[in-house]
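Coordinate analysis (summary)
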Amino acid sequence: QDAEAIFPFKAYGPLCIVDPAHRPNAERPGEVRKVPSFRWLRMVVFRERVVSDIIALLAQQGHRLPVSTARAALKKCWFLMDIPTNAGRIGLLHNTAYEVGRAGFEGWGLGRERLLRPDELVMREG
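Report follows, based on the coordinates. (Residues numbered from 1 in each chain as written. Predicted model: local features only at pLDDT ≥ 70, side-chain atom pairs only at ≥ 80, totals over all residues. Heavy atoms only, no water.)

**Observations concerning the pattern of salt bridges**
- Applying the stated criterion across every chain, the model contains 8 salt bridges.
- With a shortest N-O distance of 2.8 Å, E27 and K10 are connected by a salt bridge. One end of the pair, E27, is in the loop between β1 (16–18) and β2 (34–36); the other, K10, is in the loop between α1 (3–6) and β1, and 17 residues separate them in sequence. Like K10, E27 is exposed.
- Linking K75 and E48 is a salt bridge whose minimum nitrogen-to-oxygen distance equals 2.8 Å. Separated by 27 residues along the polypeptide, K75 in helix α3 (residues 70–82) and E48 in helix α2 (residues 38–60) bring together distant segments of the chain. Taken individually, K75 and E48 each receive the classification buried, so the pair is uniform in this respect.
- Residues joined in a network through salt bridges with shared partners are D2, E48, R71 and K75. (Salt bridge = Lys/Arg side-chain N within 4 Å of Asp/Glu carboxyl O. Helix = DSSP H or I, 4+ residues; strand = E, 2+ residues; numbered from the N terminus. Buried < 20%, exposed > 50% of the residue type's maximum accessible area, 1.4 Å probe, protein only.)

In structure tokens, the structure reads:
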């Protein structure tokens, strides 16, 4: 569904291959573009299954999640955790094109405890 937008293949260089049709790269003239491989597709399918399992397990334990945004929000959290440095995570949280900061996380923890959003969890390095 939204895996290509949430897990952009360009962010997973080792899971990309050179275009078998040898089409040129529009961003870098003179180079052949890279395309997602079956390894990237396998990663995305695995993550879709795990997110479904997480939502099901949380529901079994009585934790309420916003139905309309829970899947995308969990996947965005996963992508955020893939970024190896805090500087990169903070950059992603401030990137308005990706909308990971607050989008989809409002209403989490409607019960006794309110769950923190990713932008509240990422620690700033001093």
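And the narrative resumes.
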